[in-house]
Amino acid sequence: MAKIKLEYIWLDGYEPTQNLRSKTKVEEHENFKGTLEELGNWSFDGSSTKQAEGGSSDCLLVPVAIYPDPTRINGYLVMSEVMYADGTPHPSNGRATIDDDNEDFWFGFEQEYFIMDTKTLLPLGFPVGGYPAPQGMYYCSVGGKNTHGRKLVEEHADLCIAAGINFEGINQEVACGQWEFQLFAKGAKKAGDEIWVARYLLDRLTEKYGYYIEYHPKPLGDTDWNGSGMHANFSNEVLRTCGDQATYERICEAFRPVTAEHIAVYGAYNDQRLTGKHETASIHDFSYGVSDRGCSIRIPLMTVQKGWKGWLEDRRPASNGDPYKIAARIIKTVKSAL
């Protein structure tokens, strides 16, 4: 028998932006294989996470994905859904709203974020009381003058890969101290699971560096510094195989009348980022175009070159958005056009 450390991870009920919570259960197992079937449900005090009242505070944690924890001996990361005691989804449970049981939809999320110093409360590379050199030389940079935080970023990539997450890349972004990682998954629920577990690993990693991660879409306010997004690349069987420009345009047009519904779940304070500047479309407009990063939805050039077979990129989601809710809304809109 071995002692197995199971880190149950869930999303709390805070608004407008939910937070990750976790706690560890230690169980004895013989020949533990790391499968969902070997896990049981757990519970937590929902009155401490804005998910229940004190008089009836128990909420259920139902495991939905499990990954090896590369930082622990006999450890596993258990992504969980929050349910009421009767087994119905809690309102904070965005995963339960995803209509993709056959995993027809594929998602590639590009998660941008700022690495912040806990002492200065500023992005890495920012001097106290001033600003570093203007953006321009930070994007995909190399060298100590323009590149800040690489050690943490590289370690995070290694942890995600060791955990079995389908981690696809990293790069420093346009602003000083800003980075991005990319994930891809077949199935919207799996894509959301992996973003949340990757965020969890990143947040936990900052504890030993004296940093924290800022997911706010415009943490530097109304300045000439880029904000942070989480571009959502998506496809289904139709987009991957149709070979028809008219079909692509019909799907893009389906997003126009429900712009407000998408913005409502694309992350809080996104109006500060979607200004029409810094490679964004205005939050008040809807547009799409081939290879146009100033549009709401970009039709990748590669999709066109492959004969209109590929994917679309919604550039509006904010860095603090919930990938479950983003994917659920995109799927609903695409299905309405077919």
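For clarity, every value in this text was computed on a predicted model and none was experimentally measured.

Draft legend 1. Up close: the packing of aromatic side chains. All chains considered together, the criterion is met by 16 aromatic pairs. With 6.1 Å between their ring centres and 50° between their planes, Tyr113 and Phe181 make a pair best called tilted. Taken as a pair, Tyr113 in strand S6 (residues 106-117) and Phe181 in strand S8 (residues 178-186) lie far apart in primary sequence, 68 residues in all. Phe181 shares its class with Tyr113; the two are buried. The ring of Tyr14 is capped by Lys50, whose NZ or CZ atom sits 5.1 Å from the centre of that ring. If you follow Arg199 out to its NZ or CZ, it ends over the ring of Trp196, 4.5 Å from the centre.

Draft legend 2. Geometry of the UniProt feature "domain: GS catalytic" (unreviewed entry) in the chain. When the UniProt feature table is mapped to this numbering, "domain: GS catalytic" (unreviewed entry) covers residues 89-338. Secondary structure content for residues 89-338 is 29% helix and 18% strand, while the C-alpha to C-alpha distance between its ends is 28 Å.

Draft legend 3. Looking closely at the UniProt feature "domain: GS beta-grasp" (unreviewed entry) in the chain. As annotated in UniProt, the feature "domain: GS beta-grasp" (unreviewed entry) corresponds to residues 4-87 in the numbering used here. Annotated as 0% helix and 50% strand, the span residues 4-87 places its first and last C-alpha atoms 26 Å apart.

What counts and how
Residues numbered from 1 in each chain as written. Predicted model: local features only at pLDDT ≥ 70, side-chain atom pairs only at ≥ 80, totals over all residues. Heavy atoms only, no water. Phe/Tyr/Trp six-rings, centres within 6.5 Å; stacked < 30°, edge-to-face > 60°. Helix = DSSP H or I, 4+ residues; strand = E, 2+ residues; numbered from the N terminus. Buried < 20%, exposed > 50% of the residue type's maximum accessible area, 1.4 Å probe, protein only. Lys NZ or Arg CZ within 6 Å of the ring centre and 35° of its normal. UniProt positions renumbered as here; feature names shortened; annotations may be inferred.

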